[in-house]
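Single-letter residue listing:
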Amino acid sequence: MLARVTTAAVSGALALTALAAPAALAADDPHDGKPYALNFKYSDVKVNNGKPIVAGTAGSVSAPFSYTLTHPAGADLQDMDHLLTFAPVGAAPDDRRVQHIWASCEAVTATVANCGGSIYFRPGHDLDNADATTYTISAVSYDWNGQNDPVNGDLEEPPPIDWDKVGMSEQSGLGTVKYQRLAKLAVNATPEPVTKGRTITVIGKLTRANWDTHYYGGIAGQYVKLQYKKQGTTSWTTLKTVKSSATGALSATTTATYDGYYRYSYAGATTTTGAVSVADHVDVTTQAVPGGSVAPVVAGQRFGDLAPENGPVVSDVTVHGGKNVLVGSQSAKTFSVSVTASHPSGIADASVYLWRGSNSVTDVEGLLPQNENAATCTATSDTTSTCKLTVTARPGLSNPEGVGDLFADYLAGSWRVAVQVKAKDTTVTSNTSYKGVKIQRNTALTVNASPEPIAKGRTLTVTGKLTRADWETGTYGPLAGQWVNLEFRKKGATEWTLVAQTKSTSTGALKETTTATADGSYRFVYEGGGYNINTNGPSVSREDAVDVQ
């Protein structure tokens, strides 16, 4: 909802409801009549310097406005109220989105004044999604002639207004202004580097501010341009236009030609801003891919499902030793993937990639290719081999090496492992969803027990903080609303015992009290999860020893 915002001092105790009275007098108003006309003219109205007013999901937005007021000589503008009114195009007068904004005026000449002020609001508090639209602008002025003076000095009691004694000027059709939700674009081109002539896959996601939920959500069904700029040049070329999926995901392929940059560009809509992603650099090499007597599976390329009769049989795929993959805020994380497969002719090679989305072809939000051009395969028999590869996940939008594979926090969670195996007789089997793996945002805990030392039986306070890696900013931020265990281990013992559970505050702060009983150490333990069990990794703080006297 739009708030009616006061931007200049209002004379007397004018109630906002009084602004509607000239158009429709209240039933209990003791006075009849209507305001007399003021011979005022409004011109040169400018709102936010002619640009749309744009808001994200947090913080506050302030936009200036100005206009020129022409009036008869002798008018006392300082004893009047001047407002701009914003109303959605085609809206009824009682539409809740109609907004009245006060202005202040300063005389330029005896008959001309410059008026202006600022529009101020907070997304999610003063705005919801329905407020993103186009507004028509009107101006109004009131000369109250003392009719808005407080009753018995009580600022809270509206005065009885004799409208015949109130002067009013109103002018519509002064222009329009758009309120728009901020859009964002992410991009990631893989593999990097790539052999000239091979296929490059460029994925991304189109999101926009949701003023109802305070988060960014995917925009479906929008046309976005995939653009390319050759290294050393300045102009961008549009390669193709891609339609965003139901989740806002983008995916396109192109042929690697020269070193250069890829980006996505979105033109925007009436209620949504345009957006351009950062540029992702790709190094194109002419070096041949090493292979051997049998050509390897094409490394770093996406493949579909293929299950030929008498093809290789995959018996096991292990990612990161069977553990979840935890990625911090800046450092790249490299982990292993091993594939065990069998075929009567033996196993020649294997290829893998990890992907996140609902469909490996049409809805890919994240993609992590293998690092090697070919797998290292070790035969355990004439027909069976275990092939090993590595995958690297890089966080961040401003990673020193370019745009990270984990370019957005929403990529934390469940990923799928695609596996392709080639037998020595060149038969190939592939499965794009062989198994799942969790890639999680790393968390961190601090702890401090005080006072130290402490007398036995006294109250000990243990504080700390729970934070989580933010892949987009490259920092750790507070993790709120998570249950954390406070544990104690008596000096000389090996086992930790649960003392209490505490919930992190909005700033990630932790605080718990306990009675000092014996020398020992305290720590906080977060098991990972809460509402985001797939996205948050576990963490354990250091130990803080306390001497009990």
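All chains use their own residue numbering, which begins from 1 and follows the written sequence. Two thresholds apply to this predicted model, a pLDDT of at least 70 for residue-level local features and 80 or more for giving and counting side-chain atom pairs, whereas whole-chain, interface and lining totals are computed over all residues. In computing side-chain values, all of the structure's heavy atoms are included and hydrogens and water are not.

### Concerning the overall build of the chain
Next, step 1: A count of helices and strands for the chain gives 0 helices and 39 strands.
Next, step 2: Among the 549 residues that make up the chain, the fraction classed as buried is 48%.
Next, step 3: It only takes one pair of heavy atoms within 4.5 Å for two residues to be counted as in contact. Considering only residue pairs separated by 6 or more positions, the chain has 70% of its internal contacts joining residues 24 or more positions apart.
Next, step 4: Accessible surface is estimated by sampling points in the Shrake-Rupley manner with a 1.4 Å probe; for residues, cover comes only from the protein chains shown. When the accessible area of the chain is evaluated, it comes to approximately 25,300 Å², of which 48% is carbon and sulfur surface. For the purposes of this entry, the term helix denotes a DSSP run of H or I that reaches at least four residues, the term strand denotes a run of E that reaches at least two, and both are numbered from the N terminus. Per-residue accessibility, obtained with a 1.4 Å probe over protein chains only, is compared with the maximum for each type, and a residue is labelled buried under 20%, exposed over 50%, and partly exposed between these values.

### Quick notes on the nonpolar core
Next, step 1: Ranked by size, the top nonpolar core spans 40 residues in total, and within it Leu-354 and Ile-439 carry the most contacts.
Next, step 2: Counting residues per element, this core draws most heavily on strand E25 (residues 347–359), which supplies 6 residues.
Next, step 3: Non-local contacts of Ile-439, meaning those with residues more than four positions away in its chain, are made with Val-325, Val-327, Leu-354, Leu-368, Leu-406, Ala-412, Gly-413, Trp-415, Trp-471 and Asn-534.
Next, step 4: For our purposes a nonpolar core is just a set of buried Ala, Val, Leu, Ile, Met, Phe, Trp, Tyr and Cys residues, chained together by side-chain atoms within 4.5 Å. Formed by 33 residues, the second largest nonpolar core is a distinct cluster that contains Leu-38, Phe-40, Ala-55 and Phe-86.

### Some points on the sheet that holds strand E24 (residues 333–342)
Next, step 1: Strand order in the open sheet formed by 4 strands is E22-E24-E28-E27, with antiparallel pairing between adjacent strands. The strands lining the two open edges of the sheet, one partner per strand, are strand E22 (313–319) and strand E27 (376–379). Averaged over all neighbouring strand pairs, the angle between strand axes comes to 20 degrees, with direction disregarded.
Next, step 2: One bridge is not enough; two strands pair if DSSP finds at least two bridges between them. Strand direction decides the pairing type here: E24 and strand E28 (residues 384–393), joined by 10 bridges, are antiparallel. When the sheet's bridge partners are listed, Val-337 is paired in E28 with Leu-389. Lines fitted to C-alpha atoms define the axes, with helix axes restricted to the stretch in contact, and inter-axis angles between N-to-C directions lie between 0 and 180 degrees.

### Quick notes on the state of the cysteines
Next, step 1: Our working definition of a disulfide is a cysteine sulfur pair at a distance within 2.5 Å. In this structure the tally under the stated criterion is 2 disulfides.
Next, step 2: Here Cys-105 pairs with Cys-115 through a disulfide, and the sulfurs are 2.0 Å apart. Between Cys-105 and Cys-115 the sulfur-sulfur dihedral comes to about 110 degrees; the bridge is accordingly right-handed. In this pair, Cys-105 is assigned in strand E6 (residues 99–107) and Cys-115 in strand E7 (residues 112–121), connecting sequence segments 10 residues apart. Of the two residues, Cys-105 and Cys-115, both sit in the buried class.
Next, step 3: Counting its disulfide-bonded cysteines in sequence order, the chain shows a connectivity of 1-2, 3-4.

### Overview of the side chain of Glu-365
Next, step 1: Note on placement: Glu-365 falls in strand E26 (residues 363–369).
Next, step 2: Of note is the side chain of Glu-365, whose polar atom sits 3.2 Å from the side chain of Thr-247.
Next, step 3: Residue contacts for Glu-365: discarding those within four places in its chain leaves Ile-203, Lys-205, Thr-247, Ala-249, Arg-356, Gly-357, Phe-407, Tyr-410 and Leu-411. Residues adjacent in sequence count toward polar contacts only when both atoms are side-chain atoms; beyond that, a polar contact is any pair of N or O atoms within 3.5 Å, and within protein one must be able to donate a hydrogen and the other to accept it.

### Things to note about the pattern of salt bridges
Next, step 1: The salt bridge criterion pairs a side-chain nitrogen of Lys or Arg with a carboxyl oxygen of Asp or Glu, the two atoms within 4 Å. Applying the stated criterion across every chain, the model contains 8 salt bridges.
Next, step 2: With its nearest N and O atoms 3.6 Å apart, the salt bridge here joins Arg-122 to Asp-126.
Next, step 3: Classification of Arg-122 as partly exposed rests on a relative accessible area of 35%.
Next, step 4: The closest approach of N and O atoms between Asp-544 and Arg-542, which form a salt bridge, is 4.0 Å.
Next, step 5: Each of Lys-205, Arg-356 and Glu-365 takes part in salt bridges that share partners, so that together they form one network.

### Structural notes on the packing of aromatic side chains
To describe a pair of aromatic rings, one takes the distance between the centres and the angle between the planes.
Next, step 1: Only Phe, Tyr and Trp rings are paired, with Trp represented by its six-membered ring, and only when their centres lie within 6.5 Å; those with planes under 30 degrees apart are stacked, over 60 edge-to-face, the remainder tilted. Tallied over the full model, the rule gives 9 aromatic pairs.
Next, step 2: Note on Tyr-228 and Tyr-262: the rings are 5.0 Å apart at their centroids and 45 degrees apart in plane angle, and the pair reads as tilted. On the criterion of sequence distance, the pair formed by Tyr-228 in strand E15 (residues 223–230) and Tyr-262 in strand E18 (residues 260–266) is long-range, its members being 34 residues apart.
Next, step 3: Relative to Tyr-410, the ring of Phe-407 has its centre 6.4 Å away and its plane inclined at 80 degrees; by these criteria the two rings are edge-to-face.
Next, step 4: One aromatic cluster in this structure is built from Phe-86, Phe-121, Tyr-135 and Tyr-179.
Next, step 5: In our convention, an over-ring charge means Lys NZ or Arg CZ found within 6 Å of a ring centre and within 35 degrees of that ring's normal. Sitting above the plane of the Tyr-216 ring, Lys-184 keeps its charged end 4.3 Å from the centroid.
Next, step 6: Across from the ring centre of Tyr-258, 4.1 Å away, lies the NZ or CZ of Lys-230, which sits over that ring.

### Observations concerning the environment of Ser-430
Next, step 1: Counting through the fold element by element, Ser-430 comes out in strand E30 (residues 428–441).
Next, step 2: For Ser-430, the contacting residues outside a window of four places in its chain are Phe-303, Gly-304, Asp-305, Leu-306, Val-419 and Gln-420.

Don't take any of this as a statement about function, it's just geometry.
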